[in-house]
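Below, each chain spelled out in residue letters.
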Amino acid sequence: MAAEFDFREYLGKAKLKVEAALEGSLGPERPESLREAMRYSLLAGGKRLRPILCLAAFELAGGEDDLALPTAVALEMIHTMSLIHDDLPAMDDDDLRRGRPTNHKVYGEAVAILAGDALLTRAFEMVALRSPGVPPERLLKVVGELSVVAGAPGLVGGQVVDLESEGQEVDLVTLEYIHLHKTGALLSACVITGAMIGGADEALITALRIYARGIGLAFQIIDDILDITASSEVLGKTAGKDVIADKTTYPKLLGLEESRKRADSLVKEAQDALTPWAEKAKPLLALADFITSRDR
Ligand code: GRG
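Residues numbered from 1 in each chain as written. Predicted model: local features only at pLDDT ≥ 70, side-chain atom pairs only at ≥ 80, totals over all residues. Heavy atoms only, no water.

Enquirer: Which residues make up empty space enclosed by the protein, and what values do they have?
Expert: Counted under the stated rule, the structure contains two cavities of 30 Å³ or more. Elements supplying a minimum of two residues to the lining of the largest cavity: helix H2 (32-42), helix H4 (69-86) and strand S2 (100-101). Element by element, the count of residues in the lining of the largest cavity is highest for H4, at three residues. Of the residues contributing to the lining of the largest cavity, the split by class is five nonpolar, four polar and four charged. In this structure, the second largest cavity occupies an estimated 50 Å³ of space. As for the second largest cavity, its lining consists of Asp-162, Ser-165, Glu-166, Val-170, Leu-175, Ile-178, Lys-247 and Thr-248. Among the elements of the structure, helix H8 (155-165) and helix H9 (172-197) are those that each provide at least two residues to the lining of the second largest cavity. Grouping the amino acids of the lining of the second largest cavity by side-chain chemistry returns three nonpolar, two polar and three charged. (1 Å grid on protein atoms, 1.4 Å probe; cavity = no way out; pocket = protein on both sides within 12 Å on 5 of 7 lines; lining within 4 Å. Points joined across faces, edges and corners; volume = space filled by probe spheres on them. Helix = DSSP H or I, 4+ residues; strand = E, 2+ residues; numbered from the N terminus. Nonpolar A, V, L, I, M, F, W, Y, C, P; charged D, E, K, R; others polar.)

Enquirer: Tell me about the packing of aromatic side chains, and please be specific about residues and values.
Expert: All told, the structure shown has four aromatic pairs when counted by the stated rule. Plain terms: the ring middles of Phe-5 and Phe-7 are 6.4 Å apart, the flat faces sit at 45° to each other, and that makes the pair tilted. The class of Phe-5 is partly exposed, set by a relative accessible area of 26%. Through a chain of ring-to-ring contacts, the aromatic side chains of Phe-5, Phe-7, Tyr-10 and Phe-290 assemble into a single cluster. We note Arg-100 situated over the ring of Tyr-40; from NZ or CZ to the ring centre the distance is 4.4 Å. Looking at Arg-294, its charged tip hangs above the ring of Phe-219, at a distance of 3.9 Å from the centre. (Phe/Tyr/Trp six-rings, centres within 6.5 Å; stacked < 30°, edge-to-face > 60°. Buried < 20%, exposed > 50% of the residue type's maximum accessible area, 1.4 Å probe, protein only. Lys NZ or Arg CZ within 6 Å of the ring centre and 35° of its normal.)

Enquirer: Can you tell me about the layout of surface pockets, naming the residues and giving the values?
Expert: For the second largest pocket, the calculated volume is near 170 Å³. Lining the second largest pocket are Glu-145, Val-149, Leu-180, Gly-184, Ala-185, Ser-188, Arg-209, Ala-212, Arg-213 and Gly-216. Secondary-structure elements contributing two or more residues to the lining of the second largest pocket are helix H7 (136-150), H9 and helix H10 (202-229). Class assignment of the residues belonging to the lining of the second largest pocket gives a composition of four nonpolar, three polar and three charged.

Enquirer: I'd like a description of the site of the ligand, backed by residues and values.
Expert: Near the ligand, the surroundings consist of 20 residues, among which Lys-47, Arg-50, His-79, Arg-98 and Gln-159 are the closest. Contacts to the ligand include Lys-47, whose side-chain N or O atom sits 2.6 Å from an oxygen atom. Take Arg-98: an N or O atom from its side chain is 2.8 Å from an oxygen atom of the ligand. If you list the elements that add at least two residues to the shell around the ligand, you get H4, H8, H9 and H10. Of all the elements, H4 adds the most residues to the shell around the ligand, at five residues. (Near = heavy atom within 4 Å. Polar contact = N/O pair within 3.5 Å; in protein donor to acceptor, adjacent residues only side chain to side chain.)

Enquirer: Hey, could you go over the pattern of salt bridges for me, with residue numbers and the actual values?
Expert: Tallied over the entire structure, the rule returns 23 salt bridges. Asp-162 serves as the salt-bridge partner of Lys-247, at 3.1 Å between the closest nitrogen and oxygen. Of this pair, Lys-247 sits in the loop between helix H12 (241-244) and helix H13 (250-254) while Asp-162 sits in helix H8, and the two are 85 residues apart along the sequence. Take Lys-247: its relative accessible area is 12%, and that puts it in the buried class. A salt bridge links Glu-176 to Arg-262; the shortest N-O distance between them is 3.4 Å. Taken together, the positions of Glu-176 in helix H9 and Arg-262 in helix H14 (residues 256-273) put the pair 86 residues apart, joining distant regions of the chain. In this structure, a network of salt bridges that share partners links the residues Glu-19, Arg-48, Glu-76 and Arg-98. (Salt bridge = Lys/Arg side-chain N within 4 Å of Asp/Glu carboxyl O.)

Next up, the structure:
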């Protein structure tokens, strides 16, 4: 009989591995002020969901020996830089992130922008120059995937539509566009790059793209719900901002109950896509459930 899968244990171990790799990923940076600003946000905690998704997909594809760890770190770097830039006065203008003052509040706007830039470029360095043992053709694919999701076709494009939509009437199609680009694209890159490094075949990559779409949208729906229902203390970032900024969210369009139902059905769709991989997909199946059950 297969041993029971202990998700808490899995998450705890994966998080420790990721934290150690993040700690070792910076340096030598000069000047010291830049290094400090980069470390401040990268090592500020966070759920580390993106690198963990990458490692889980890598293992599902049959990968071994933590070969995807530098890419997992790269994904957290891109995520962290997007949070630093998102918090800037020119964007969401926030002063609390991961339970502490935002980067620009501590280091000033100029250094915060540059720390973000340095994390973004270091992400590509992690893949291209700091991924020993991975066949170069797989790394090239990973660089390609990351360059698309981080840029205009992904995070940047989604952020621009989001900013332009503030105070406007936004329909469900536009809302979904924003979420799929701002949040979904990077979550998708996590599983796709992990799987690429693990040597996944086309069938698995296709299934993972379906999985990622489901969890990406569900993740953002839950984010919208938590913005209304959770406190800043628990979230580690300012709660209630969507209402203040008059943002269109799933709860605003559908109501809280319907939004939750939608998140649940998206997670189910995501999980169904991995049915053929059953046992081996358990971490990704559990991570999908974690997305809807999380409280921060
Ligand atoms: C990538 C070049 C480049 C620019 C960034 C600012 C920007 C362009 C995009 C904004 C992207 C953004 C902040 C999306 C929101 C994603 C989101 C829901 C973040 C919260 O993620 P969690 O809950 O946070 O995983 P932790 O702190 O746990 O990691």
